[in-house]
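# Remarks on the overall topology
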Amino acid sequence: MGNRVAREDYEWVYTDQPHADRRKDILAKYPEIKTLMGPDPRLKWIVCMMVLIQFLAFYLVKDLDWKWVLFWTYAFGSCINHSMTLAIHEISHNTAFGNSRAMWNRWFAMFANLPIGLPYSASFKRYHLDHHRYLGGDGVDVDIPTEFEGWFFCTRFRKFVWIILQPLFYAIRPLCINPKPITRLEVANVAVQLSFNVALYWLCGAKPVVYMMAGSLLGMGLHPISGHFIAEHYMFLKGHETYSYYGSLNLLTFNVGYHNEHHDFPSIPGRRLPLVKKIASEYYDDLPHYTSWVKVLYDFIMDDQLSPYSRVKRRLKGDVKQE
């Protein structure tokens, strides 16, 4: 477990990201894909159902023994809360109410944020759109680990610890790589979330709060669903910076596994991404992909060629217009 990773730097490239050109080619050949763009009318009802499920869970765990609170936190709460973060990812692309009602999407994302416990939705929106527009961009794309992460987490054991601590690094990385002025919407997100957390503690006690907060941290750490963090853009094969996953966990994650398809067409809701792959199959069938996020996590830890440095990175040219 002490073997040191061979990589000592990112994979620097001097080409543009592949998604814009592929999107142009696909739309020229299959213009009907444009009909898949636009909001998903089911999304808001699914999100409301999931929020209500967690509210019911808060009530049910308040009288359980602590051992059962912790069990259900990992076995159930972590799955739902991680799925809620991916619902917020969907909403960040305005797929709940459409581009014409952008603020409806922002406030609805705050509602989806409630059972997660950590105020996250408003900031995520700002940084995630930069990730799409400037994939791998040095100093802009905060999805890429910092120099410290690449340097320090360089053995199998340290990579294991790094995966457990993913929520921490996703929280502090924007402050290190690309800090932005705080907006009123972010202040509102914090105020709404803290008010909810205090109300939950006052009404139901500490156990539901622990269930909520720990569920979010565990679900985004060493958890089967969190394999998507590694699967999406870590360079398992040289020359490929985005990978799709075609496994059953897409059912819980709004098809985030269809990641090549998502970056090619970010305005298409996750529910319709399998149709993109079906229509333009010749563009996706030969791309490397995964069928198990658990195997992705295992391979990342055990392969001494892989580390947080295993990311494609590029220096941006011209004007950079950030969200």
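Treat the numbers as computed from the prediction; the structure is a model and nothing was measured.

Quick look at the UniProt feature "domain: Sphingolipid delta4-desaturase N-terminal" (unreviewed entry) in the protein chain now. UniProt records the feature "domain: Sphingolipid delta4-desaturase N-terminal" (unreviewed entry) at residues 5-43, using the numbering of this structure. With 31% helix and 5% strand, residues 5-43 has its two end C-alpha atoms placed 42 Å apart.

This part takes up the UniProt feature "transmembrane region" (unreviewed entry) in the protein chain. The UniProt entry lists residues 43-61, 68-87 and 107-124 under the feature "transmembrane region" (unreviewed entry), expressed in the numbering used here. In residues 43-61, the share of helix is 100% and the share of strand is 0%. The end C-alpha atoms are 27 Å apart. The straight-line gap between the two end C-alpha atoms of residues 68-87 is 27 Å; of that span, 100% is helix and 0% is strand.

A separate point is the pattern of salt bridges. Per the stated rule, a full pass over the model turns up 16 salt bridges. Measuring nitrogen to oxygen at the nearest pair gives 2.9 Å for the salt bridge that ties Asp143 to Arg311. Of the two residues, Asp143 sits in the loop between α5 (121-133) and α6 (147-152) while Arg311 sits in the loop between α15 (293-302) and β4 (312-313), which places them 168 residues apart along the sequence. With a shortest N-O distance of 3.1 Å, Lys277 and Asp285 are connected by a salt bridge. The class for Asp285 is partly exposed, based on a relative accessible area of 42%. One network of salt bridges, in which partners are shared, links Arg7, Glu11 and Lys238.

A few words on the environment of Ala188. In this fold, Ala188 is placed in helix α9 (residues 184-204). Separated by 81 residues in sequence, Ala188 and Trp107 have C-alpha atoms that sit 9.5 Å apart. When near neighbours in sequence (up to four residues on either side) are disregarded, Ala188 contacts Trp107 and Met110.

Bringing a nonpolar patch on the surface into the picture now. Side chains of Ile46, Met49, Ile53, Trp68, Phe71, Trp72 and Phe76 sit close together on the surface and give an oily, nonpolar patch of about 630 Å² of accessible area. Elements supplying a minimum of two residues to the nonpolar patch: α2 (43-61) and α3 (66-92). In terms of residue count, α3 provides more of the nonpolar patch than any other element does, four residues in total. Among the structural elements, Phe76 can be located in helix α3. A relative accessible area of 33% places Phe76 in the partly exposed class.

For Asp63, the location among the structural elements is in the loop between α2 and α3. At 3.1 Å, the side chain of Asp63 and the side chain of Lys62 are in polar contact.

Let us look at the environment of Val51. As for its placement among the helices and strands, Val51 is situated in helix α2. Judged by its relative accessible area of 0%, Val51 falls in the buried class. Taking the C-alpha atoms as reference, Val51 lies 35 Å from Pro288; in sequence the two are 237 residues apart. Dropping the residues within four chain positions of it, Val51 is found in contact with Met84, Phe111, Ala112 and Pro115.

On to the packing of aromatic side chains, then. Counted according to the given criterion, the structure contains 26 aromatic pairs. On the numbers, 6.1 Å between centres and 50° between planes, the contact of Phe148 with Trp151 is tilted. Separated by three residues within a single helix, Phe148 and Trp151 lie in helix α6, roughly one turn from each other. The class for Trp151 is exposed, based on a relative accessible area of 52%. The ring of Trp12 carries the charged tip of Arg315 above its face, separated from the ring centre by 4.1 Å.

Cut-offs used in this document
Residues numbered from 1 in each chain as written. Predicted model: local features only at pLDDT ≥ 70, side-chain atom pairs only at ≥ 80, totals over all residues. Heavy atoms only, no water. UniProt positions renumbered as here; feature names shortened; annotations may be inferred. Helix = DSSP H or I, 4+ residues; strand = E, 2+ residues; numbered from the N terminus. Salt bridge = Lys/Arg side-chain N within 4 Å of Asp/Glu carboxyl O. Buried < 20%, exposed > 50% of the residue type's maximum accessible area, 1.4 Å probe, protein only. Contact = heavy atoms within 4.5 Å. Patch = residues over 30% accessible without salt bridge, like charges linked within 9 Å, V, L, I, M, F, W, Y side chains within 5 Å. Areas by Shrake-Rupley, 256 points an atom, 1.4 Å probe, with all protein chains shown as cover. Polar contact = N/O pair within 3.5 Å; in protein donor to acceptor, adjacent residues only side chain to side chain. Phe/Tyr/Trp six-rings, centres within 6.5 Å; stacked < 30°, edge-to-face > 60°. Lys NZ or Arg CZ within 6 Å of the ring centre and 35° of its normal.

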